[in-house]
Every structure is written in C-alpha cells, then in structure tokens.
Amino acid sequence: MSLALQARAAARICYFNGIIPLWRQPLLMGAVFLTPFSFLFFLYVIAQRAELPFGILGGVLFTVLFTGNGMLNDCAYLRLERQLQQIFVVSPVRPLAYVLGMALSELAFALPALVLFLGILATVHPFGLGALALLAGVIVLTWLMATTLGFLISTFFRQLREIWPIGTLVFSSLSVLPPLFYPIAAIPAGWRWVAFLAPSTFAGQLADYAVGLPAAGGFSPPALGSPWFDLAGLVGSTFLFALAAMFLSRWREP
Amino acid sequence: MEALSAVHLSKDYPARGRPVRALDEVDLALEKGRLFAFLGRNGAGKTTFIKIAATLLLPTAGSVTLFGHDVVREPAKVRPDLAIVPQEGRPFFHLTPREHIREYLLVRGAASESARDRTEQMVAAMGLGPYADEPSYRLSGGLQQRTLVAMILATRAPFLFLDEPTLGMDPFARRQVWEVIREAVRAGSTVLLTTHYLDEAEQLSEELAVIEGGHVLYRGTAEALRSTLHREVRLQFTGGVTRDDLAPHGRVYADRDRLVLLTTRAAVRGLTELALERGSEMTVGPVTLEEAFLELVGRGIEEGT
C-alpha cells in the first residue's frame, strides 16, 4: 500500500475511532475536559489570580498529555478486549498508520477541550498569532510524545486490569507533578532541575515562554532557564519515545 | 500450488517452571483456493497455529511460508494478502455494521466506490440489512459476530483466517455465513477455519486436520475421518435393552436416557430384531464426525459424554 493510502488509512482510523464516537456520544468531550478544569477551578479558588494563566496553560498541557493515557487505554482495549488490533496487523496497514490513526483519534477527543482552554487563556491573558503558532508546535510535539508512549506501554500487557493503574500513574506523574499548572518559580531554585526529569516540564516551560508568562530566574545551571534548552528537551524526548515505540513496541506477539 | 506451508513449526509459551509447548514440530501444507478446517479441543494449538501463520505471533522454531513468503522474515509482503476473523473478537462499540464493513475496506486501501458496492453486497449476503445502521452496542452477540465476519469476508483477501467465525450465531445465521464463505472460496480465496462445530467443518471443508496437544493427529476428508472408526452405523435405543446386550456388537455409550451403539452394517439386522423383541425404540443413522473426532483425540466416547 502506498504512502498516500497509508495516510488515508490513518485518517479513516481517526474518523471511526475518534470522530464517530464523539458524534454519537458527545459526553466523551466532557470527560476529557472535566479533570483539568477541576484543577483549574481549585487553583482559581485557592491560588492568586495572577497565577491563573499558568493554571489554564496547565489545563492545555494536561489535556494534551492525557491523549497518551487515552491512547494507552484505547489501544489496549482494542487489542485485548475486542481483539481488533489483529485485524489491522493482518492487513496492508503499517504499524505507523495504525498508531497515527489512533493518535489522531485521541487528538479529536481532546480538541474541544483544547479550544476551550485556549479560548479562556486568550481572554484572561491575551496573546498574538505568533504565540498561538508556537503553542501549537508545543501541543503537537507533546501529543506525539504522549501518544507514542501510550502505545508503547499498551503493547506490553496481557490483561486490561493491569493497564488501568499504569496509565493513571504514568500520565498523572507527567501532568500533575511537574510545573504545568503552576510556575516553575514555585520550586526552590536549587531543586528546579528535578522538574526536568519529567519531559512534560520542557513543554510547560516552552508554553509559558510562548505566551509570555514570566520565566523564573535562578536556574542552576543557568542553561536550564533557556527556551532553546526546553525546545531541545521536548524534541529530544518526543524523538526518543517515537524511536522506542518504533523499535520496542510489540506489533506481533513474541 | 501451495498457499501455506508449515515446516517443523513449534511454539513454546513461557510459564512458571518450564515452558508450555503449544505446537510441536507441525508440518502442514494447504493448497491454494481450498477451504481447510482445523479441529481440536480447547488449547490444542489451533489458534496458536493461526496466529503464527497470520503474522500475529512469532514461532519458537520452524517456519511458515504464505504464497512463498516467510511470515517471520517478510511479514510486510504477506500481510496485504491476508485477513483474519479473530477468536472472540468484538466490533467497534460505536460503529454500525455498514460502517464497519466500509471503513475497514477503505482502511485496507479499497477505492471509495468499490468499498461502497462491496459493503452493500456483504450487508445483503450476511442478512445484516435490518441492523445495518444500528451502532454495534445495540446489537446482540450473534449480530456483532456477523458484523465482524462480514467486514473480513468483504475484503476478498487471497488468504482468510477464520478463527471460530460462527461462534454464538443462530443456525440460520450460520448457514448464511457458510454460503458467504463458500462464495469466497469459489472466488479464489484460500480459507483456514477453526471451529468447534463439527457439522460446520463437515459442511464447509474439503479437507480437515485434527490437532491435539500441539500435534496433527489426522489430516484428510471428513468422510475418511469417520471411516477411521471402522463402524458405519449409529443405532440409538430408548428403553428395553441394556449396555450388556449391546456391548458385543460395538462401542456403546449413554446419551441421557438413551444408549448409543456404533456398529457395522452387518449387525443391524440382528439388533433390529432384538429391539423389536424387547420393545425398544431404535433409530438408525450414520456415525457422526463428532464421534470419530472424540475417538481420535483419545478421550473415548464414554468419557466424551
């Protein structure tokens, strides 16, 4: 099957695994939106209003990162519960087309929540088109990173029940603990490097930079405070997870 | 021409202690354009064989070639020619049967118009018309299975793996599916089918294999398998006779309140007289494939009932 047909296969998978379910069960949109919005609500109630833009950006990135959790659960569900991954393996569809199609369908689920969060952000903390373009880049890289990680993990388990806690653990660690909902300045200067152990911190820092939120000073070493460092970190992590998914994930059972 | 050839195919699954051998040096060749049935008990190795041949699972040793390509080394070359009905598969939750068939054809690279035409043909052939636009979560288990089978058979793939395709279907639906499978074979597809319905294997397959404990015990036609019993007639007695009366004439087993005797044609006259004399109700028929199967896998008919 040609590259164009593989691309069409990915688009069709997105259509029937993402758009049709959303159309038939719009409540799915609410489920994606609810958790990050709850965080934001509590931040708004208990934190200083000045830090609200961080919380909204946190909502954006949480939503994007949780496409990875969706990917993990969806792929595992289709493979283990419905045995449907088999029909794609035993077909002309290449693994990349399947993964891209599934990842696009997760993005389709997340898109309404993303638009809403970006709309709120634009109201609370106006930003220009250049910032939106940068933010879109961060969102795309984070989405690729999260979904490839989700797919990779999904292929290693034989029971659905084993997967549920793993997804929550991994993606909550990536989205709640690192400085996404709060400024990195909230972490003591000497410990900020720890935040970069989670690749999502790169995305958070870049997103803050994109919309002009104040960056924290006092990084040690100082290079940790540079957006180029964040960009390299995010691109590198995405590349690494994509490579891992390509070479380590199990398209065929061992 | 051979469509599939397995040579010394073995598969070990890891387990606590030592590995469990699911396939043990299986040799098997299937001709192109034929329907071949795999019979065996649960865990006999049927699905393992199908999964390896269909590029879903790696073997421990041995090889399988499909249309001349090694399934381990060249999976991308064989996959476009394959399609599978997975064992205990279930369709997508939100999609209708019509969407399942059409979308799967499009995913596999069919042109839009061709996908639409083949979808409508398959919906009609599988009797899915009244349910074609209902989301699958509203359909019964049998209709969901029919949807899954329809989307795979619509592909017209040169090699079709059907792992228990009619599981959970009513007798009418099974016959509809059989007809569509026969049509696929007439159109040139090679079909490897597993089933626990022995009548299905008999109705559909030109040849079958019985697998037990990872070994192929038998390969040939259903008729030849039945003849391995060396008893052609099945007599069923209700009342009037005892097991001891029948035992000298062949193999006897109990089927609820009846006694079943597998015997030779020559014994029928004498046994008919015995039944008349004792006032026993007796029915006569050919031995079934199931009886031959039970005998072959070494479980014994008595134990099997």
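One structure accompanies this document, and this report is about it. (Residues numbered from 1 in each chain as written. Chains lettered and ligands numbered in written order. Predicted model: local features only at pLDDT ≥ 70, side-chain atom pairs only at ≥ 80, totals over all residues. Heavy atoms only, no water.)

**Side note on the overall build of chain B**
Then, number 1: In terms of regular secondary structure, chain B is built from 12 helices and 14 strands.
Then, number 2: With respect to the principal axes defined by its C-alpha atoms, chain B has extents near 70 × 50 × 40 Å.
Then, number 3: At a minimum sequence separation of 6, the contacts of chain B that also span at least 24 residues come to 67%.
Then, number 4: With the model as given, the accessible surface of chain B reaches about 13300 Å², and the carbon-plus-sulfur share is 49%.
Then, number 5: Considering chain B, the positive charge centre built from 37 side chains and the negative charge centre built from 42 side chains are found 3 Å apart. (Helix = DSSP H or I, 4+ residues; strand = E, 2+ residues; numbered from the N terminus. Contact = heavy atoms within 4.5 Å. Areas by Shrake-Rupley, 256 points an atom, 1.4 Å probe, with all protein chains shown as cover. Lys, Arg positive; Asp, Glu negative; His and termini not counted. Charge placed at Lys NZ, Arg CZ, Asp CG, Glu CD.)

**A closer look at helix α7 (residues 160-175) of chain A**
Residues that lie three or four places apart on an α-helix share one face, since the helix turns once every 3.6 residues.
All names here are of chain A.
Then, number 1: Counted at 1.5 Å a residue, the expected span for α7 with its 16 residues is 22 Å, and the 23 Å between its end C-alpha atoms agrees.
Then, number 2: Regarding α7, the residues found buried are Leu160, Ile163, Gly167, Phe171, Leu174 and Ser175.
Then, number 3: Where α7 is buried, its residues touch α3 (52-81), α6 (129-154) and α9 (200-210). (Expected span 1.5 Å × (residues − 1). Buried < 20%, exposed > 50% of the residue type's maximum accessible area, 1.4 Å probe, protein only.)

**Regarding the sheet that holds strand β5 (residues 69-70) of chain B**
Residue and element names in this part refer to chain B.
Then, number 1: Read across the open sheet, the four strands follow the order β2-β1-β4-β5; overall the sheet is antiparallel. Here the strands that pair on one side only, and so sit at the sheet edges, are β2 (20-31) and β5.
Then, number 2: Across the sheet, helix α1 (residues 46-53) touches β1 (2-13), β2 and β4 (61-66), and the angle it forms with β1 is around 120°. (Pairing = 2+ DSSP bridges. Axes fitted to C-alpha atoms, helices over the stretch in contact; angles between N-to-C directions.)

**A few points about the interface of chain B and chain A**
Then, number 1: Opposite the 41 residues of chain B that make contact, chain A presents 31 residues.
Then, number 2: Carbon and sulfur atoms make up 58% of the area that chain B and chain A hide from each other, which totals about 3300 Å².
Then, number 3: The partner of A:Glu81 in a salt bridge is B:Arg90, and the shortest N-O contact between them spans 2.7 Å.
Then, number 4: Scanning the region where chain B abuts chain A turns up 18 residue pairs in polar contact (both at pLDDT 80 or more).
Then, number 5: Elements represented by at least two residues in the side of chain B that touches chain A include exactly α2 (75-78), β6 (82-85), α3 (97-107) and α5 (141-153) of chain B.
Then, number 6: Element by element, the count of residues in the side of chain B that touches chain A is highest for α3(B), at six residues. (Buried area = accessible area lost by both parts, 1.4 Å probe. Salt bridge = Lys/Arg side-chain N within 4 Å of Asp/Glu carboxyl O. Polar contact = N/O pair within 3.5 Å; in protein donor to acceptor, adjacent residues only side chain to side chain.)

**Digging into the sheet that holds strand β14 (residues 281-286) of chain B**
Residues and elements named next belong to chain B.
Then, number 1: With respect to topology, four strands assemble into an open sheet ordered β12-β13-β11-β14, the strand pairing being antiparallel. Looking at strand neighbours, the two that pair on one side only are β12 (251-255) and β14, the edges of this open sheet. Looking at each pair of strands side by side, their axes are set apart by 20° on average, direction ignored.
Then, number 2: Taken together, the six bridges between strand β11 (residues 233-238) and β14 define a ladder with antiparallel strand orientation. Following the sheet pairing, leucine 235 is matched in β14 by valine 284.
Then, number 3: Running over the sheet, helix α10 (residues 268-278) touches β11, β13 (258-263) and β14 and is turned about 5° from β11.

Just distances and angles here, no functional claims.
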